[in-house]
Amino acid sequence: MTRFERVDSPEQSLVFAIPNAGLPSCIYWGTRLPAGEQLEQLALAVQSDVNGGMLDAVPAITVAPLAKETFPGQLGMKLRHPDGRGLDPSFEIEGATIASEGSVWRFVDPILELQYQLSVEVVGNAFALQASLEAKTPILIEWLAAPVIPAPLDAVETIEFSGRWCGEFQMSRVPWVAGIRLRESRLGRTSHEHFPGLILPSIGCGEASGTARAMHYGWSGGHRMLAEQLPDGRRQVQWGNVADRDLVPSTGYQTSKLYLACSDKGLNGIAEQFQLTVRDYIVDFPDSERPRPVHYNCWEAVYFDHKPEELVEIAERAAALGAERFVLDDGWFLGRNDDTSSLGDWFVDQLKYPQGLTPLIEKVHELGMSFGLWFEPEMVNEDSELFRRNPEWLLGPVDQVRGRQQLVLDMSLGPVRAYLLQRLDALLSEYPIDYIKWDHNRVLPHTDANQARGFYQLVDALRALHPRVEIESCSSGGGRIDFGVLERTHRVWLSDSNDALERFWMQRNAALFLPAVVTGSHVGPRVCHTSGRELPIEFRAWVAATRHMGFEMDPRELTEHEATVLTAVTAWYKSNRDWMHKGTIQRVHSDDPAVLGEMHISQDKDQFALFVAQMEASAQSLPLPVRMVGLDPLVQYKITLVNADQQHGINRAPVALTRDSLELSGLALMSIGVQLPISFPATLWVIKGEKL
Ligand code: GLA
């Protein structure tokens with residue numbers, strides 16, 4: 001007998017067929033089904049035929065396709081006896097706990113004495129799926145996929161995310177073809193190169209319309225994704241932890257959470273579901289009502305050259321511009337004068353700070369800012385007291401290739417975690433620090449999931465001791481951004497690129513998964529240190545104001561004009577961040593490939609801000625009207641060009657919006673759109689809309 005169970009989030013449904021013998025299979029993942037849908041009929045509607053040259057029954061794509069079922073594709077579970085013999089499990093249902101917020105089903109293999117558990121949780125509008133396996137005696141678990149979900153067939157491509165240092169969140173479309181598309185982050189962190197997200201757009205899906213499904217694997221230790229089109233035409237997508245060196249016999253294993261979103265409002269529906277899920281259910285803010293303070297981070301101002309008198313001057317200027325938190329970056333600890341030494345020696349450098357950090361922190365507090373400190377706990381330099389004392393704490397061989405001159409500590413070792421916890425706790429107890437920038441600047445020498453587990457344990461232990469401290473996840477920019485790390489941190493450093501042109505497109509792509517409230521964005525130096533590009537302050541300031549805003553240049557370089565603009569944009573950020581950080585970011589389609597846009601819409605849709613960036617010179621001579629998205633069509637809005645004063649004097653017939661506000665319905669704004677002024681590349685227009 002097979003029974004059917006459905007799990008609903010507000011906008012999507014999952015339906016599982018659960019036989020008595022065998023594992024369940026997902027027979028429906030899509031827009032929320034009507035209440036009365038007969039699930040058995042649903043299953044019958046898609047029951048397969050059998051053709052010549054095939055087996056006599058079509059093996060289902062279960063939550064973990066098994067060898068025993070002669071599954072024609074990649075298996076969802078690969079197990080071995082410790083002596084190397086393959087194990088062929090075969091499960092039957094044992095029990096279930098069904099609840100509206102999520103359900104758990106348990107299956108057993110009585111012969112091999114295994115238990116498999118499938119759990120499906122409703123997390124806001126998304127689902128989080130997890131699989132776990134327990135064995136009576138230790139076995140080798142070579143691969144256990146998070147619950148496998150068939151991929152839709154009404155699609156010709158997937159959307160993937162790749163990247164590099166200073167170039168995170170690049171989107172590409174990959175056609176479905178027969179066979180396997182395999183992506184692996186093999187070097188122990190989420191990675192710049194393979195962000196663990198996949199979008200499955202149905203044919204006709206656009207930014208704001210059509211059906212899209214999306215997956216995200218919430219794990220910071222390196223993952224594997226395989227998207228497979230089977231010989232019979234069906235499709236499956238598997239996600240799991242990449243395992244390698246850490247493969248030892250064990251009696252238990254749990255995958256990370258696989259998050260699913262599905263919407264018929266196009267890519268923006270996915271963005272909305274993931275952004276709200278991350279903000280309201282995944283990130284645990286110590287004080288969720290506290291607005292995100294404007295940061296000042298000193299990295300690109302002073303690098304390792306810390307002089308307290310200079311830092312005080314910088315802090316004064318940053319506070320005058322509107323900064324509310326001062327983050328002391330790399331360079332404050334014992335002998336850290338460049339990147340060749342000292343990682344691991346988490347003691348304040350008495351040469352640079354003879355009276356410790358207290359005088360600086362007191363000054364920062366006097367200026368009305370809170371204080372944050374940079375750490376890179378999992379790393380060590382050979383030239384450090386820590387390494388000289390504990391060379392055996394190293395992960396991997398001593399003769400491995402260095403990364404940024406540094407090596408990695410083995411986070412699976414209790415004494416390593418205990419030392420780091422002691423040091424971090426001591427500093428957080430001695431000084432009033434409300435924020436940690438937690439960095440991770442190199443890849444691991446080899447895949448080892450225990451490293452990420454050790455990292456999670458350390459952060460969790462530190463948070464238990466200092467629950468009010470906020471943490472930023474940084475890894476040479478965006479190398480450790482995923483929902484697993486966001487369960488324990490409060491901000492991500494999207495990229496080391498402060499080039500606002502690069503940032504704008506990266507931020508816009510990342511918004512498919514990340515809300516503004518967790519996405520750090522800083523106003524960098526006039527000449528960008530990672531691209532060499534010189535960008536106007538107006539553009540740099542507005543790009544940062546669209547996320548969790550901060551400054552990272554040396555404020556002493558600012559001209560009077562630059563300081564005035566930055567102060568004004570920061571003030572605008574402060575008066576709009578409340579609704580922007582509770583709202584959503586939606587992608588605007590632009591008819592002009594040289595123009596990119598996004599909209600921030602408040603929760604109740606009574607206000608919005610449209611940001612339109614001229615990324616390069618357009619091919620045609622006139623700017624094209626920009627159509628808005630996500631508004632209530634029947635509501636009248638008053639729209640104002642916030643930065644009308646930033647025209648360049650090339651506009652010979654200034655557009656209406658530069659003279660006065662306009663009043664239009666949501667329908668009009670979404671169908672004919674608005675005309676913006678002709679602009680130079682690196683101009684960002686800001687339109688504020690309010691419900692009349
Ligand atoms: C990494 C980070 C930077 C900065 C440096 C400090 O590269 O991404 O923002 O903190 O480390 O060494």
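Residues numbered from 1 in each chain as written. Predicted model: local features only at pLDDT ≥ 70, side-chain atom pairs only at ≥ 80, totals over all residues. Heavy atoms only, no water.

Caption draft 1: Geometry of the environment of leucine 276. Mapping leucine 276 onto the fold places it in helix H2 (residues 266-282). Leucine 276 gets classed as partly exposed once you look at its relative accessible area, which sits at 27%. For the pair formed by leucine 276 and glycine 583, sequence separation is 307 residues and the distance between their alpha carbons is 8.2 Å. Those residues in contact with leucine 276 that sit more than four places away from it in its chain are Tyr281, Lys582, Gly583 and Thr584. (Helix = DSSP H or I, 4+ residues; strand = E, 2+ residues; numbered from the N terminus. Buried < 20%, exposed > 50% of the residue type's maximum accessible area, 1.4 Å probe, protein only. Contact = heavy atoms within 4.5 Å.)

Caption draft 2: Region of the structure containing the pattern of salt bridges. Tallied over the full model, the rule gives 49 salt bridges. With a shortest N-O distance of 3.7 Å, aspartate 339 and arginine 404 are connected by a salt bridge. Taken as a pair, aspartate 339 in the loop between strand E21 (325-328) and helix H5 (358-366) and arginine 404 in the loop between helix H6 (385-389) and strand E24 (407-408) lie far apart in primary sequence, 65 residues in all. On the basis of relative accessibility, which here comes to 30%, the residue arginine 404 falls in the partly exposed class. Between arginine 540 and glutamate 562 there is a salt bridge, and its shortest N-O distance comes to 3.6 Å. Here glutamate 562 lies in helix H12 (residues 560-582) and arginine 540 lies in helix H11 (residues 537-545), a separation of 22 residues in the sequence. One exposure class covers both arginine 540 and glutamate 562, and it is buried. Salt bridges here are not isolated pairs; linked through shared partners, they connect Arg290, Arg292, Arg325, Asp434 and Glu470. (Salt bridge = Lys/Arg side-chain N within 4 Å of Asp/Glu carboxyl O.)

Caption draft 3: A look at the environment of histidine 216. By secondary structure assignment, the location of histidine 216 is in strand E15 (residues 212-218). The buried category is assigned to histidine 216, whose relative accessible area is 0%. Placed 130 residues apart in sequence, histidine 216 and tryptophan 346 show a C-alpha to C-alpha distance of 34 Å. In contact with histidine 216, other than residues within four places in its own chain, are Phe195, Pro196, Gly197, Lys257, Leu258, Tyr259, Phe274, Asp482, Phe483 and Phe513. There is a polar contact of 3.0 Å between the side chain of histidine 216 and the backbone oxygen of proline 196. (Polar contact = N/O pair within 3.5 Å; in protein donor to acceptor, adjacent residues only side chain to side chain.)

Caption draft 4: Highlighting H12. A rise of 1.5 Å per residue sets the reference length of H12, with its 23 residues, at 33 Å; its end C-alpha atoms lie 33 Å apart and thus fit the reference within 8%. When the local axis directions of H12 are compared, the greatest deviation, roughly 60 degrees, occurs at asparagine 576. Along H12, the positions that sit buried rather than exposed are Glu562, Val565, Leu566, Val569, Thr570, Trp572, Tyr573, Asn576, Arg577, Trp579, Met580 and His581. (Expected span 1.5 Å × (residues − 1). Bend = angle between axes of the 7 residues up to and from the residue.)

Caption draft 5: Layout of the site of the ligand. In the vicinity of the ligand there are 13 residues, among which Asp329, Asp330, Arg404, Lys437 and Asp496 approach most closely. One nitrogen or oxygen atom from the side chain of arginine 404 is found 2.8 Å from an oxygen atom belonging to the ligand. Between the ligand and asparagine 441 there is a distance of 3.0 Å, counted from an oxygen atom to a side-chain nitrogen or oxygen. Computed on the free molecule, the ligand has an accessible area of 310 Å², of which 96% lies beneath the protein chains in the complex. For the shell around the ligand, a count of residues per class yields four nonpolar, three polar and six charged. (Near = heavy atom within 4 Å. Areas by Shrake-Rupley, 256 points an atom, 1.4 Å probe, with all protein chains shown as cover. Nonpolar A, V, L, I, M, F, W, Y, C, P; charged D, E, K, R; others polar.)

Caption draft 6: Spatial organisation of the nonpolar core. The biggest cluster of nonpolar side chains holds 172 residues, and the ones touching the most others in it are Tyr116, Phe326, Leu328 and Trp332. Broken down by element, the residue count for this core peaks at nine residues, all from strand E9 (residues 126-144). For phenylalanine 326, the contacting residues outside a window of four places in its chain are Tyr296, Cys298, Leu311, Ile314, Ala315, Leu360, Val364, Met369, Ser370, Phe371 and Gly372. With 22 residues, the next largest nonpolar core counts Met599, Val612, Val629 and Leu676 among its residues. (Core = buried A, V, L, I, M, F, W, Y, C linked by side-chain atoms within 4.5 Å.)

Caption draft 7: Quick look at the sheet that holds strand E1 (residues 2-8). In spatial order, the strands read E1-E2-E3; together these three strands make up an open sheet with antiparallel pairing. The sheet terminates laterally at E1 and strand E3 (25-31), the two strands that pair on one side only. Each strand axis lies, on average, 15 degrees off the axis of its neighbour in the sheet, ignoring direction. Here E1 runs beside strand E2 (residues 12-19); their pairing, made up of seven bridges, is antiparallel. Looking at E2, one finds that valine 7 is bridged to leucine 14. (Pairing = 2+ DSSP bridges. Axes fitted to C-alpha atoms, helices over the stretch in contact; angles between N-to-C directions.)

Caption draft 8: Structural view of the packing of H11 against H12. Close contact between H11 and H12 brings their axes to 9 Å; oriented N to C, the two are set at 20 degrees. One finds that H11 runs roughly parallel with respect to H12. Every pair of crossing elements has a handedness; the one defined by H11 and H12 is right-handed. On H12, the residues touching Ile537, Glu538, Arg540, Ala541, Trp542 and Ala545 of H11 are His561, Glu562, Val565, Leu566, Val569, Trp572, Tyr573 and Met580. Split by residue class, the contact of H11 with H12 holds ten nonpolar, one polar and three charged. (Parallel < 35°, antiparallel > 145°, perpendicular 65-115°, else oblique. Left-handed = near helix turned anticlockwise from the far one by under 90°.)

Caption draft 9: Fine view of the side chain of serine 13. Mapped onto the fold, serine 13 is located in strand E2. Separated by 2.9 Å, the side chain of serine 13 and the backbone nitrogen of leucine 33 make a polar contact. In this structure, serine 13 is in contact with Arg6, Val7, Asp8, Tyr28, Trp29, Gly30, Thr31, Arg32, Leu33 and Phe127, ignoring residues within four places of it in sequence.

Caption draft 10: Examining empty space enclosed by the protein more closely. Evaluated as defined, the whole model comprises four cavities of 30 Å³ or more. Roughly 130 Å³ of internal volume is contained in the largest cavity. Taken together, 16 residues make up the lining of the largest cavity; nearest its centre are Val595, Val612, Pro623, Leu624 and Val626. The element contributing the most residues to the lining of the largest cavity is strand E32 (residues 607-614), with three residues. The space that makes up the second largest cavity amounts to roughly 50 Å³. Ser162, Glu168, Phe169, Ser191, His192, Phe195, Gly478 and Ile481 together form the lining of the second largest cavity. (1 Å grid on protein atoms, 1.4 Å probe; cavity = no way out; pocket = protein on both sides within 12 Å on 5 of 7 lines; lining within 4 Å. Points joined across faces, edges and corners; volume = space filled by probe spheres on them.)

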